[in-house]
Amino acid sequence: MTRAIALDVGGTYIKGGVADEDGVLRESERWSTGAERGPDAVLETVLAAARELADRHRPSVAGIAVPGIVDETAGSVILAANLGWRRLPVRDRLAEELGLPVALGHDVRAGGLAEARIGAGRGSRAFLFVPVGTGIAAALIADGRTMTGSHARAGELGHLVVRTGGDACPCGGRGCLETVASAAAVARRYAVATGEDGATAKDVGERAAAGDEAAVAVWNEAIDALADALAAAITLFDPERIVIGGGLSRAGDPYFTPLRAAVAERLTFQTLPDIVPADLGHEAGCQGAALLAHDLLQRKAGR
């Protein structure tokens, strides 16, 4: 049986798994990334995790998904700030370690591909995958293909300015979507409003539903900012569906009902797409890496 191993490298955890001939993950596990140890140590952990999977499952191909600015064609990570990686030829290093062909993908684009084929994007000719977690990004999937852009930087929705002159963003801008609507921003803005540290975005959502005035204000502003960004994306790309992933996607109706209404209010001539939660959760990136590996093997076989 032809098997593929897959890795999804995050700032906190490295997720790994194995897929059979259909490219669907059958098993998964994770390792601590340990980014505080430095970029070389992170790479060694990734290689060790891949070797562990390969020794156990004897794959024919491997796939890896990485955050940041990723050039899939060149097989290189241009910049992954949370990992400390710059101009790192990840595909070649992993291929050398395993003696296997390797597919490299951007974590969000890989996750979008997975949602397109076996998740909430199934049956949609064009849709946006928008994970809303610690940060915010997007992947545009059209006819089963992901848009990378001319410089491998497509999809940085979190750095669309939605509040001119707003809070400073680590990217160097001000008022970026991530500074208002990400899970990290929701928690931070609530702490500023109340003086209470330690509340998570999930806590803020629950408190908003219970009528906490500060939580309601922060929660609604996050939804409004995301609606502004999604309305812009709809105008540009005309997606049939928008699939929301990440931690906030698990908030359910208290998140999706006002978000759908807020997006609808902003549209005039545009067609309102379905706005739905993702199906694959935290497994999307790893599943996408497995599918990229599966596709690579198919191309090598001339299928």
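Scroll up for the structure.
This text gives an overview of the structure that appears in the document.

Calculation notes
- Residues numbered from 1 in each chain as written.
- Predicted model: local features only at pLDDT ≥ 70, side-chain atom pairs only at ≥ 80, totals over all residues.
- Heavy atoms only, no water.
- Core = buried A, V, L, I, M, F, W, Y, C linked by side-chain atoms within 4.5 Å.
- Buried < 20%, exposed > 50% of the residue type's maximum accessible area, 1.4 Å probe, protein only.
- Helix = DSSP H or I, 4+ residues; strand = E, 2+ residues; numbered from the N terminus.
- Contact = heavy atoms within 4.5 Å.
- Pairing = 2+ DSSP bridges.
- Axes fitted to C-alpha atoms, helices over the stretch in contact; angles between N-to-C directions.
- Parallel < 35°, antiparallel > 145°, perpendicular 65-115°, else oblique.
- Left-handed = near helix turned anticlockwise from the far one by under 90°.

**Brief notes about the nonpolar core**
Logical step 1: Counting residues in hydrophobic clusters, the biggest one holds 41 residues, and the most contacted among them are Val 130, Leu 177, Leu 230, Ile 244, Tyr 255 and Leu 259.
Logical step 2: Of all the elements in the fold, those that place two or more residues in this core are β9 (126-131), α4 (178-181), α5 (183-194), α6 (201-209), α7 (213-237), β12 (241-245) and α8 (253-266).
Logical step 3: Take this core: its biggest share by element is 13 residues, from α7.
Logical step 4: Each residue touching Leu 177, except ones within four places of it in the same chain, is listed here: Ile 136, Leu 157, Gly 158, Leu 160, Val 162, Ser 182, Ala 225, Leu 226 and Ala 229.

**Structural notes on the side chain of His 106**
Logical step 1: Tracing the backbone shows His 106 in strand β8 (residues 102-106).
Logical step 2: Residue classification places His 106 among the buried residues on the basis of a relative accessible area of 7%.
Logical step 3: Apart from residues lying up to four places away in sequence, His 106 is in contact with Val 66, Gly 68, Val 70 and Glu 72.

**A short note on the sheet that holds strand β10 (residues 139-142)**
Logical step 1: If you trace the five strands from one edge of the open sheet to the other, you get β11-β10-β9-β12-β13, paired in mixed fashion. Each end of this open sheet is capped by a strand with a single partner; those strands are β11 (145-146) and β13 (274-277).
Logical step 2: By the bridge criterion, four bridges tie β9 to β10 in an arrangement that is antiparallel. Paired with Phe 127 across the bridge in β10 is Ile 141.
Logical step 3: Against the sheet, helix α3 (residues 107-118) touches β9, β10, β11 and β12, its axis set at about 130° to β9.

**Quick word on the sheet that holds strand β5 (residues 69-71)**
Logical step 1: The antiparallel open sheet is built from three strands, whose spatial order is β5-β6-β7. The two strands at the open ends of the sheet, each matched to only one other strand, are β5 and β7 (85-88). Each neighbouring strand pair of the sheet contributes to a mean axis angle of 15°, computed without reference to strand direction.
Logical step 2: Relative to strand β6 (residues 76-80), β5 is paired through three bridges, and the arrangement is antiparallel. Looking at the pairing, Asp 71 lines up with Ser 76 of β6.

**A few points about the pairing of strand β4 (residues 61-66)**
Regular strands place side chains that alternate from one sheet face to the opposite one.
Logical step 1: Of all six residues making up β4, six are buried, and the element is well covered by its neighbours.
Logical step 2: Both faces of β4 are covered, namely the face carrying Val 61, Gly 63 and Ala 65 and the face carrying Ala 62, Ile 64 and Val 66.
Logical step 3: Taken together, the five bridges between strand β1 (residues 4-9) and β4 define a ladder with parallel strand orientation. Looking across to β4, one finds that Leu 7 is bridged to Ile 64.
Logical step 4: Here five bridges tie β4 to β8, and the two strands are oriented parallel to one another. When the bridges of β8 are listed, Val 66 appears paired with His 106.

**Remarks on the packing of helix α1 (residues 39-57) against helix α2 (residues 90-98)**
Logical step 1: Contact pair α1 / α2: the axes reach a minimum separation of 10 Å and the direction vectors enclose 40°. Judged on the interaxial angle alone, α2 and α1 are oblique. For the pair α1 and α2, the crossing hand works out as right-handed. Only Arg 93, Leu 94, Glu 97 and Leu 98 of α2 make contact with α1, whose side of the interface consists of Leu 43, Glu 44, Leu 47, Ala 50, Arg 51 and Ala 54.

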